[in-house]
Amino acid sequence: MDADLLPSRRGVLAGLSGLGGLLLAAPLRAAEPLPEIQVTKDPSCGCCEAWVTHIRAAGFPVQVTEAPVNPVKARLGVPRSLASCHTAQVGGYVIEGHVPAGAILRLLAEKPPGTGLAVPGMPVGSPGMEADGVPPDTYDVILFGPELQRPFARYQGGTPL
């Protein structure tokens with residue numbers, strides 16, 4: 001084998017050193033607390049409360065405000081076509097409807113440009129919309145913004161596809 005193609009000892013050590021730094025930093029990032037999710041929901045909505053339970057179980061601290069949600073949706077730029085029953089805010093993003101915690105974690109990690117995520121309507125089996133004996137729907141989590149609407153993730157019930 002040509003010696004010029006083999007990595008130098010210094011190059012190998014530098015690469016291992018960089019890898020070690022990544023491995024050491026990963027547990028530190030994982031130990032950071034999740035940001036608080038602020039949820040606005042109707043006081044009588046049971047599925048919204050079930051979604052809040054799902055989000056708390058994922059480790060997010062949650063602050064709930066019971067109030068009319070339509071003014072909040074309008075103020076935050078949620079398109080009517082993407083509306084659902086509750087609206088939340090986290091990390092500078094809007095979360096509309098029954099968005100799974102896994103999609104929110106991915107959003108916060110990747111930080112794509114956009115206003116937020118939405119699960120339009122109330123798909124059966126989405127977090128907070130589970131129904132015994134009813135097969136879960138397959139649905140898209142939509143990344144949206146003023147001039148943007150595109151699939152961000154696809155789920156069947158609470159399972160990513």
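Quick note: structure is the one above.
Just so it is clear, the model here is predicted, and its values are computed rather than measured. (Residues numbered from 1 in each chain as written. Predicted model: local features only at pLDDT ≥ 70, side-chain atom pairs only at ≥ 80, totals over all residues. Heavy atoms only, no water.)

## Some words on the pairing of strand β7 (residues 148-156)
Phase 1 of the analysis: The pairing of strand β6 (residues 138-145) with β7 spans 8 bridges and is classified as antiparallel. Each residue of the ladder has a partner; that of F144, found in β7, is Q149.
Phase 2 of the analysis: Counting the residues in the hairpin turn of β6 and β7 gives 2 residues.
Phase 3 of the analysis: Both β7 and strand β8 (residues 159-160) contribute to a ladder of 2 bridges, which runs antiparallel. From the neighbouring strand, Q156 faces β8, where its bridge partner is T159.
Phase 4 of the analysis: The loop that links β7 with its antiparallel partner β8 comprises 2 residues; one of these, G157, has a positive phi angle of about 60 degrees. (Pairing = 2+ DSSP bridges. Helix = DSSP H or I, 4+ residues; strand = E, 2+ residues; numbered from the N terminus.)

## So, the nonpolar core
Phase 1 of the analysis: Core analysis: the largest hydrophobic core is formed by 25 residues, its most contacted members being I37, W51, I95, I104, L117 and V141.
Phase 2 of the analysis: Elements with a minimum of two residues in this core: β1 (37-41), α2 (46-57), β3 (87-90), β4 (93-97), α4 (101-110), β5 (116-119), β6 and β7.
Phase 3 of the analysis: A total of 5 residues in this core trace back to one element, the largest contributor, which is α4.
Phase 4 of the analysis: Dropping the residues within four chain positions of it, I104 is found in contact with I37, W51, I55, F60, V90, I95, V99 and L117.
Phase 5 of the analysis: With 8 residues, the next largest nonpolar core counts V78, L82, V94 and F144 among its residues. (Core = buried A, V, L, I, M, F, W, Y, C linked by side-chain atoms within 4.5 Å. Buried < 20%, exposed > 50% of the residue type's maximum accessible area, 1.4 Å probe, protein only. Contact = heavy atoms within 4.5 Å.)

## Some details on the sheet that holds β4
Phase 1 of the analysis: Spatial strand order, β2-β1-β3-β4-β5-β6-β7-β8: 8 strands in an open sheet with mixed pairing. If you trace the sheet from one side to the other, it starts and ends with β2 (62-66) and β8, each paired once.
Phase 2 of the analysis: Strand contacts of α2: β1, β2, β3 and β4, with the helix running at about 170 degrees to β1, the strand carrying the most contacts.
Phase 3 of the analysis: Across the sheet, α4 touches β1, β3, β4, β5, β6 and β7, and the angle it forms with β7 is around 135 degrees. (Axes fitted to C-alpha atoms, helices over the stretch in contact; angles between N-to-C directions.)

## Focus: α4
Phase 1 of the analysis: Buried within α4 are the following residues: A101, A103, I104, L107 and L108. On an axial view of α4, the arc spanned by its buried residues comes to 160 degrees, and they lie on one face.
Phase 2 of the analysis: Looking one or two residues past α4, K111 carries a phi angle of roughly 50 degrees, positive in sign. (Arc of directions from axis to C-beta.)

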